[in-house]
Amino acid sequence: MYDFVVVGVGPAGARFSRRAAESGYDVLALEKGTIGTPLACSGHVSTDIWAFTGDGAREELFQNEIYGARFHVGGPHSDAYPFYKREVASNVIDRVGLDRHLADLAREAGADVREEHTVTNVTEHPDRVDVVANGPDGTVEFEAKMVAGCDGPRSRVRDALELPEPDELLHGVLAFSDEDDGEDFVDVHLTAPTFFAWRIPRGEAGVEYGLAAPPGVEVTKHFEELIDGYEIDVTHRCSGAIPIGPPDRVTTRRGFLIGDAAAQTKPFTGGGILYGMTSADHAADAIDPDRPTTLEAYERAWRDDLERDQALGHWLRRAYSLPEPVQRVGLGALSGEIGVHMDRPSSLVSMAHLKAVLSRR
Ligand SMILES: Cc1cc2nc3c(=O)[nH]c(=O)nc-3n(C[C@H](O)[C@H](O)[C@H](O)COP(=O)(O)OP(=O)(O)OC[C@H]3O[C@@H](n4cnc5c(N)ncnc54)[C@H](O)[C@@H]3O)c2cc1C
């Protein structure tokens, strides 16, 4: 019997597998396809990412560094309102490479990471969890003391454990052009209902154009308008779901969710790589597979850490739906140098931000 079966080897699953294996637990991690694919993510992250990676990661994964964002109420030719830091605010990285790198770290720590294993069922018993998967040689069944559902926004583990759904699932699309652009600003267009569209320069890896919006919105139509506005040809179109608003509970007696499965994302950007891995660390610190009551400590720890920033993130997102004239006045008044950490909107109330605002001329 394994201590943990981890379902899904994205950033959250790989990080938890690594940390649990380092603590001496017997970990089996199952990934339905090939790790890192298919791509459905911008890989735009704060520089905190490098605290979660191993040797040589920056050389392998780094694509571009970003100092700020130009906000636009309209399309590419509308006025730009820049928000920026004096130091690097974020990095654009190779997301497929990141997942592979994190999975390798989990393997090196001793986790048994298996690709091409799709988990089809999870059954919780008082003393164990049974996990059924379809592998290359047919159906296989595993027993574990606990199961970690790290299987993304449409989590099968969440359904099997009868845990509640996130509040919302946005639909995100992205595509790439072959422009070589090492500029250090991203562009954000408040043109998609309740969310936004973006342009991210990725250095020699080209430029990414993307957009996310709630179900019911004609995402493709809005995306075509963005591309037409930039007058650019794009290829490698892909899409994915972005969960917003964590459910009230992400743990059962012998099961728990981490990452997108638990909607551990930033409501105002949809970013979840750092929140998922931060929560994986809380899970690894708190959970003892022989003591199911420790799941409660995980539930408390990740919420204590992220709840305030997620609540503030919801408020920030509301600004995307304000009438355009109000957005223009607000962006005009607030733009300039900032000291806010992109993962922590609570840093709006910080000395760093206050100093940055006071230093504006
Ligand atoms: C368009 C778009 C752009 C984004 N851009 C950013 C960004 O710039 N920065 C950022 O921080 N975040 C971004 N995100 C969000 C980010 O991609 C997620 O928050 C992050 O991937 C969550 O990590 P995870 O490990 O929880 O889930 P995932 O990365 O989704 O990993 C889940 C894994 O589980 C596997 N799996 C699923 N079901 C099963 C099963 N039944 N059996 C076995 N394996 C299974 C999947 O194949 C996958 O590998 C973006 C998302 C979208 C859609």
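Quick summary incoming for the structure in this document.

The end-to-end C-alpha distance of helix α5 (residues 219–230) is 17 Å, a good match for the 16 Å that twelve residues give at a rise of 1.5 Å each. Of the positions making up α5, those classed as buried are Val-219, His-222, Phe-223, Leu-226, Ile-227 and Gly-229. When α5 is viewed along its axis, its buried side chains cluster within an angular range of 160° and face the same direction. Exposed residues lying more than 90 degrees from the buried face of α5 are Thr-220 and Asp-228. Structurally, α5 contributes buried residues whose contacts are with β12 (168–177), β13 (185–189), β14 (197–201), β15 (207–213) and β16 (235–244).

Turning our attention to the sheet that holds β15. In a beta sheet, neighbouring strands are held together by backbone hydrogen bonds and run either parallel or antiparallel to one another. The sheet built from eight strands is open, its strands ordered β16-β12-β15-β14-β13-β5-β6-β18 with mixed pairing. Looking along the sheet, the strands with just one partner apiece sit at the ends: β16 and β18 (336–337). Across the sheet, α5 lies against β12, β13, β14, β15 and β16, angled at about 150° from β15, the strand it touches most.

Attention shifts here to unusual backbone geometry. Cis geometry is found at the peptide bond from Thr-37 to Pro-38, where omega equals -5°. Backbone geometry at Glu-231 places phi at a positive 55°, although glycine is not the residue there. Along the chain, the position of Glu-231 falls in the loop between α5 and β16. For Glu-231, a relative accessible area of 67% translates into the label exposed. Here the phi dihedral of His-236 falls at roughly 55°; this positive angle occurs in a residue that is not glycine. By secondary structure assignment, the location of His-236 is in strand β16.

Another aspect to go through is the site of the ligand. Every one of the 33 residues lining the ligand counts as a neighbour, but Glu-31, His-44, Arg-95, Val-119 and Asp-260 are closest to it. Residue Gly-43 places a main-chain N or O atom 3.4 Å away from an oxygen atom belonging to the ligand. In this structure, an oxygen atom belonging to the ligand sits 2.7 Å away from a side-chain N or O atom of Asp-260. Protein contacts shield 89% of the accessible area of the ligand, which totals 990 Å² for the unbound molecule. Where the shell around the ligand is concerned, the elements lending two or more residues are α1 (11–22), β9 (118–124), β12 and β16.

The next point concerns the packing of helix α6 (residues 273–286) against helix α7 (residues 295–318). Closest axis-to-axis distance for the α6/α7 pair is 8 Å, and the angle between their directions is 155°. What the angle tells us is that α6 and α7 run roughly antiparallel. Taken as a pair, α6 and α7 cross one another with a handedness that is right-handed. Facing α6, whose interface residues are Tyr-275, Thr-278, Ser-279, His-282, Ala-283 and Ala-286, α7 presents Ala-297, Tyr-298, Ala-301, Trp-302, Asp-305, Leu-306, Asp-309 and Gln-310. Of the residues contributing to the contact of α6 with α7, the split by class is eight nonpolar, four polar and two charged.

How each quantity is defined
- Residues numbered from 1 in each chain as written.
- Predicted model: local features only at pLDDT ≥ 70, side-chain atom pairs only at ≥ 80, totals over all residues.
- Heavy atoms only, no water.
- Helix = DSSP H or I, 4+ residues; strand = E, 2+ residues; numbered from the N terminus.
- Expected span 1.5 Å × (residues − 1).
- Buried < 20%, exposed > 50% of the residue type's maximum accessible area, 1.4 Å probe, protein only.
- Arc of directions from axis to C-beta.
- Contact = heavy atoms within 4.5 Å.
- Pairing = 2+ DSSP bridges.
- Axes fitted to C-alpha atoms, helices over the stretch in contact; angles between N-to-C directions.
- Near = heavy atom within 4 Å.
- Polar contact = N/O pair within 3.5 Å; in protein donor to acceptor, adjacent residues only side chain to side chain.
- Areas by Shrake-Rupley, 256 points an atom, 1.4 Å probe, with all protein chains shown as cover.
- Parallel < 35°, antiparallel > 145°, perpendicular 65-115°, else oblique.
- Left-handed = near helix turned anticlockwise from the far one by under 90°.
- Nonpolar A, V, L, I, M, F, W, Y, C, P; charged D, E, K, R; others polar.

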